[in-house]
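Fold and geometry: a report
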Amino acid sequence: MAGMKKARRMVMKVLLALVLVAMGLHLIKPFGLPGLKKRADVWKIALILIFAMMMALVLRPG
């Protein structure tokens, strides 16, 4: 049980790091995806992250 919680925390930390890296890279050079063509669109990535966290809380088993 403890190993499962530790692994889950590690995955969450890695995902958070990836999103933060994506936001940083987008500030340096925009991705050019539809809706993400300007540097100022980095807030959209943050909104996607917040939405994903909320859905994880809502859909979490137990």
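Since the structure is predicted, the reported quantities are computational estimates derived from the model, not experimental observations.

1. Concerning the overall build of the protein chain
On a plain count of helices and strands, the protein chain comes out with 2 helices and 0 strands. The C-alpha radius of gyration computed for the protein chain amounts to 14 Å, which surpasses the reference 11 Å derived for 62 residues by more than 25%, pointing to a less compact arrangement than a globule. Referenced to the eigenvectors of the C-alpha coordinate spread, the extents of the protein chain come out at roughly 45 × 20 × 15 Å. Across the 62 residues that make up the protein chain, the buried fraction comes to 10%. Summed over its atoms, the accessible surface of the protein chain is roughly 5,500 Å², and 77% of this surface lies on carbon and sulfur atoms.

2. Here's the deal with a nonpolar patch on the surface
Nonpolar side chains collect at one region of the surface, where Met10, Val11, Met12, Val14, Leu15 and Leu18 lie side by side and expose about 580 Å² of accessible area between them. Position of Val11 relative to the elements: it lies in helix H1 (residues 2-28). Owing to a relative accessible area of 46%, Val11 belongs among the partly exposed residues under this scheme.

3. Focus: the side chain of Asp41
Along the chain, the position of Asp41 falls in the loop between H1 and helix H2 (42-59). A residue is classified by how much of its surface remains accessible, and Asp41, at 8% relative accessible area, is buried. Not counting residues within four places of it along the chain, the set of residues in contact with Asp41 comprises His26, Gly35 and Leu36.

Rules and cut-offs
Residues numbered from 1 in each chain as written. Predicted model: local features only at pLDDT ≥ 70, side-chain atom pairs only at ≥ 80, totals over all residues. Heavy atoms only, no water. Helix = DSSP H or I, 4+ residues; strand = E, 2+ residues; numbered from the N terminus. Rg over C-alpha atoms; globule rule 2.2 N^0.38 Å. Buried < 20%, exposed > 50% of the residue type's maximum accessible area, 1.4 Å probe, protein only. Areas by Shrake-Rupley, 256 points an atom, 1.4 Å probe, with all protein chains shown as cover. Patch = residues over 30% accessible without salt bridge, like charges linked within 9 Å, V, L, I, M, F, W, Y side chains within 5 Å. Salt bridge = Lys/Arg side-chain N within 4 Å of Asp/Glu carboxyl O. Contact = heavy atoms within 4.5 Å.

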